[in-house]
Amino acid sequence: KQEVTQIPAALSVPEGENLVLNCSFTDSAIYNLQWFRQDPGKGLTSLLLIQSSQREQTSGRLNASLDKSSGRSTLYIAASQPGDSATYLCAVAMTTDSWGKFQFGAGTQVVVTP
Amino acid sequence: ETGVTQSPTHLIKTRGQQVTLRCSSQSGHNTVSWYQQALGQGPQFIFQYYREEENGRGNFPPRFSGLQFPNYSSELNVNALELDDSALYLCASSLAAGQNYGYTFGSGTRLTVV
């Protein structure tokens, strides 16, 4: 059974510092991994999707890496801003059939202080 | 595009009662997934509907049931409510049950069972 874990559960950094968020999974036979952002009272927004054959994906200040063999993914957010304050969740899909039936971690709550 | 709309936004029910939550998919989307997110946890997959048929179910008891209508809006019904059913319920819709299409999440319905 796949277990997705995110450590730490919460993180507070001053503005301008780089953020490093971790996600680990127990079954390395994933189809892909996705990072989401969740703001209070709002739905989830997809940030980056990494296919199992890829090592990393980048979008603006965001970079996500994937190491399937060790069961880890890391989300890097460069030069953090107060607007980056949110909960960040990682989610895996195990097969093409499980697309949309994601298995999520519990998330890391991030606070960026001005 | 109006996005994914969920109703109601908040709801309080008594243990043992029944509840119906509604989701209006983004225009043109024929696939919807439902998730339960307990406080401090990641979303847990409940079930998915594709073109009015159930297309996969997570580890939830039969008292959690769903329906998708010809216009692709959907409902989540929960019978015999328990205190542990208190959670944020999220729906997410997609153009089709395939990997090439992203999912748009609604803001959720906050259910409290007392």
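In this text the structure is predicted, and so the values were computed from the model without any measurement.

Draft legend 1. Region of interest: the state of the cysteines. Applying the stated criterion across every chain yields a total of two disulfides over all chains. Two residues, Cys23(A) and Cys90(A), share a disulfide whose sulfurs are 2.0 Å apart. What sets the handedness of the Cys23(A) and Cys90(A) disulfide is the S-S torsion sign, and at about 75° it is right-handed. You can see Cys23(A) sitting in strand β3 (residues 19-25) and its partner Cys90(A) sitting in strand β9 (residues 86-93), a full 67 residues away along the chain. Cys90(A) carries the same exposure label as Cys23(A), and that label is buried. A disulfide bridge connects Cys23(B) with Cys91(B), and the sulfur atoms are separated by 1.9 Å. Of note, the bridge from Cys23(B) to Cys91(B) carries an S-S torsion of about 75° and is right-handed in sense. Residue Cys23(B) is found in strand β3 (residues 19-24), and its partner Cys91(B) is found in strand β9 (residues 87-94); the two are separated by 68 residues along the sequence. Relative accessible area serves as the criterion here: at 2%, Cys23(B) is assigned to the buried category.

Draft legend 2. Here's a closer look at the interface of chain A and chain B. Listed per partner, the contact involves 18 residues of chain A and 20 residues of chain B. Counting each side, the surface lost to burial between chain A and chain B is near 1400 Å², with a carbon and sulfur contribution of 55%. Where chain A touches chain B, the interface holds zero salt bridges. Where chain A packs against chain B, one counts seven residue pairs in polar contact (both at pLDDT 80 or more). Looking at the side of chain A that touches chain B, the elements that each hand over two or more residues are β4 (32-38) and β5 (44-51) of chain A. For the side of chain A that touches chain B, the class distribution of residues is nine nonpolar, seven polar and two charged.

Draft legend 3. The arrangement of the layout of surface pockets in detail. Taken as a whole, the largest pocket holds about 650 Å³ of empty space. Lining the largest pocket are 29 residues; nearest its centre among them are Gln38(A), Pro40(A), Thr87(A), Gln37(B) and Arg110(B). Along the lines of polarity and charge, the residues of the lining of the largest pocket split into 11 nonpolar, 15 polar and three charged. Roughly 430 Å³ of internal volume is contained in the second largest pocket. Lining the second largest pocket are 17 residues, and of these Lys1(A), Gln2(A), Gln103(A), Gln44(B) and Phe45(B) sit closest to its centre. Broken down by secondary-structure element, the contributors of at least two residues to the lining of the second largest pocket are β10 (103-104) of chain A together with β5 (44-50) of chain B. Here the lining of the second largest pocket is built from residues that sort into seven nonpolar, six polar and four charged.

Draft legend 4. How the structure looks around the packing of aromatic side chains. For the structure on display, the rule yields 12 aromatic pairs over all chains. Considering the side-chain rings of Phe36(A) and Phe105(B), the 5.6 Å spacing of their centres and the 80° angle between planes classify their relative orientation as edge-to-face. Taken as a pair, Phe36(A) in strand β4 and Phe105(B) in strand β10 (residues 104-105) lie in two separate chains rather than in one. Comparing Phe36(A) with Phe105(B) shows no difference in burial state: the two are buried.

Draft legend 5. Spotlight on the nonpolar core. Grouped together as the largest cluster of nonpolar side chains are 23 residues, with contacts concentrated most on Phe25(A), Ile30(A), Leu33(A), Trp35(A), Leu75(A), Tyr88(A) and Val92(A). Secondary-structure elements contributing two or more residues to this core are β3, β4, β5, β7 (62-67), β8 (72-77), β9 and β11 (108-113) of chain A. Among residues more than four places away in sequence, those in contact with Leu33(A) are Cys23(A), Phe25(A), Leu48(A), Leu49(A), Ile50(A), Leu66(A), Ser73(A), Cys90(A), Ala91(A) and Val92(A). By size, the runner-up hydrophobic cluster in this structure holds 20 residues, among which are Phe64(B), Leu76(B), Ala87(B) and Leu111(B).

Basis of the calculations
Residues numbered from 1 in each chain as written. Chains lettered and ligands numbered in written order. Predicted model: local features only at pLDDT ≥ 70, side-chain atom pairs only at ≥ 80, totals over all residues. Heavy atoms only, no water. Disulfide = S-S within 2.5 Å. Helix = DSSP H or I, 4+ residues; strand = E, 2+ residues; numbered from the N terminus. Buried < 20%, exposed > 50% of the residue type's maximum accessible area, 1.4 Å probe, protein only. Contact = heavy atoms within 4.5 Å. Buried area = accessible area lost by both parts, 1.4 Å probe. Salt bridge = Lys/Arg side-chain N within 4 Å of Asp/Glu carboxyl O. Polar contact = N/O pair within 3.5 Å; in protein donor to acceptor, adjacent residues only side chain to side chain. Nonpolar A, V, L, I, M, F, W, Y, C, P; charged D, E, K, R; others polar. 1 Å grid on protein atoms, 1.4 Å probe; cavity = no way out; pocket = protein on both sides within 12 Å on 5 of 7 lines; lining within 4 Å. Points joined across faces, edges and corners; volume = space filled by probe spheres on them. Phe/Tyr/Trp six-rings, centres within 6.5 Å; stacked < 30°, edge-to-face > 60°. Core = buried A, V, L, I, M, F, W, Y, C linked by side-chain atoms within 4.5 Å.

From the geometry alone we can't say anything about function, so treat these as descriptive.
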